[in-house]
Structures are given as C-alpha cells and as structure tokens.
Amino acid sequence: GAIKKMGYSPDAYVQMAMQLATYRLWGEQGGTYEATQVRPFFHRRTETTRTVSPASEAFIKTMGLRPKRDEMDASKRAEKLELLKEAVNSHVKYIGSAAKAMGVDRHLLGLLLSAKEGETTPSLYSHPVYARSKTWRVSTSHLTHPRFDSWGYGEVTPDGVGLAYSIHPNNCMFCITALRENGGWPERLSFLLEEALLEMQTLNEIGNAPASKL
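All of these numbers come straight from a predicted model, not from anything done at the bench.

Asks: I keep staring at the side chain of Ser141 and nothing clicks. Help me out?
Replies: With respect to the helices and strands, Ser141 occurs in strand β3 (residues 138–142). For Ser141, a relative accessible area of 17% puts it in the buried group. For Ser141, the contacting residues outside a window of four places in its chain are Ala35, Trp151, Tyr153, Leu163, Ala164 and Tyr165.

Here it is, written out as structure tokens:
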C-alpha cells in the first residue's frame, strides 16, 4: 500500500530493491529473471522479463555499494529519485511487452527448437554473450495469495540465488535460497533487502516532503 501511495508499481519497485540488494551482495549486477505470464494467449505460459537494464544499472550505481549519508543533499536526492522512477517505469514497460509475447527469450527459444536434427543453427546460439545472457544469477518470481504464508524454490545456477516473493498490503515476503557453500548468502541478502527497501522508502519520504519540513 505504501509503495502505491508513492506512485510506483509494487512489483517493479520491489524488483529494483532486489537489484540494489544483489548488487551490494556481489559488487555487480547479476542476470535477473522474472517470470511474466502471457495471459491473452491460448495455452499461455510465461515470458522472461529481464530486470537488468541501463535504467536499473544507473539507479543502483548511483545508490552505491552501501548507504550514503547524502539524503539531505537536495541535488543527490533529486537525482536518485529520478533514476528510481526511470528504472521502475522501464521495468513496467518490459513487463507489458513480455505479457504481450513481445519479449526476446521465448522467441529465440522457439526458433532454436524449430531447428531440424542435423541442421546447423545460427552462430548466435553458440555465442558466449548469448550463453551469458541466459545465465540467471537471480531467479525471481512473484506470487501473492492470501492462503500462502510462504513459498519458494531453489537457485538455478550454482553461483546464484532464488528469490521468490509476495507483496501484501502491509508487508513484503521473500524466500531466499542459495547453495550452502556460498557463505551465508541468504542471511546476508535478507539484511540487504530490508536495508534497500528502507533506504528507498526514506529517500521517497524525504524527497516528497515540503521544503518547510526539511
């Protein structure tokens, strides 16, 4: 409810918080998958919404690897708020395209699966950048239902995390998974997620407060 009052899409806003938290966990962005349903279509399944974008990169790098004590700096505050809004809006547009089956992932997969046995596939499919683009260090999916207290799944790459989440009227729930040998990533990421959400909330509250209140 608070996220909506700030004028954001709750899902896209939480996705940006997850980008900031995982960036602070690893020191870099990791390929991020969000499952998006293609409801208008017969036999509908999903398309990939990619959360890493030029807009999300600009936002998280301006926020930095750790919270900065510059919230009261008007120019910095305005810059961060503007970049957050751009990142959220960019993500909303991608979700909209994916829901209309205008994403790239299922299309490319369909073309690959249509290749006949023994047929040479385009060089794109063996390109290292293409392989990297399908490596999901952050696997996310949003499911909110009043009967679900918690839900989740495992990470999909050995050096990644699973991030199932629900967005309720008064709270957000996350289920974080990672391999045990990765040194307590779930515990650390849990802290970083809470930190990111609180920091973003504070940024909006200060940014939208009347000048006389500052």
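Alright, that's what it looks like, and here's the rest.
Asks: Please explain the pattern of salt bridges as it appears in this structure.
Replies: Oppositely charged side chains may form a pair once their charged atoms are brought near each other. A full pass over the atoms with the stated rule returns seven salt bridges. The closest approach of N and O atoms between Glu199 and Arg24, which form a salt bridge, is 2.7 Å. Here the residue Glu199 occupies a position in helix α7 (residues 185–207), and Arg24 occupies one in helix α2 (residues 10–26), the gap between them amounting to 175 residues. With respect to class, Glu199 is no different from Arg24; both count as buried. Each of Arg24, Glu195 and Glu199 takes part in salt bridges that share partners, so that together they form one network.

Asks: Quick question: what am I supposed to make of the nonpolar core here?
Replies: As a rule of thumb, soluble globular proteins bury nonpolar side chains together. Counting residues in each nonpolar core, the largest one holds 37 residues, and the members touching the most others are Phe59, Leu84 and Leu189. When residues of this core are traced back to their parent elements, those giving at least two are α2, α3 (54–63), α4 (74–99), β4 (161–167) and α7. Here the element with the most residues in this core is α2; it accounts for eleven residues. If near-sequence neighbours (up to four positions away) are discounted, Phe59 is found in contact with Met16, Lys80, Leu83, Leu84, Ala87 and Met200.

About the thresholds
- Residue positions are given per chain, counting from 1 as you read along its sequence in written order.
- Two thresholds apply to this predicted model, a pLDDT of at least 70 for residue-level local features and 80 or more for giving and counting side-chain atom pairs, whereas whole-chain, interface and lining totals are computed over all residues.
- Values shown for side chains rest on all heavy atoms present in the structure; no hydrogens or waters enter the calculation.
- Counting from the N terminus, the helices are DSSP H or I runs at least four residues long and the strands are E runs at least two residues long.
- Accessibility here uses a 1.4 Å probe with only protein chains present; expressed as a share of the type maximum, an area under 20% marks a residue as buried, one over 50% as exposed, and anything in between as partly exposed.
- Contact between two residues is taken to exist if any of their heavy atoms lie within 4.5 Å; hydrogens are not considered.
- Basic side-chain nitrogens of Lys or Arg form a salt bridge, by our definition, when they fall within 4 Å of a carboxyl oxygen of Asp or Glu.
- What is meant by a nonpolar core is a set of buried Ala, Val, Leu, Ile, Met, Phe, Trp, Tyr and Cys residues, joined one to another through side-chain atoms within 4.5 Å.

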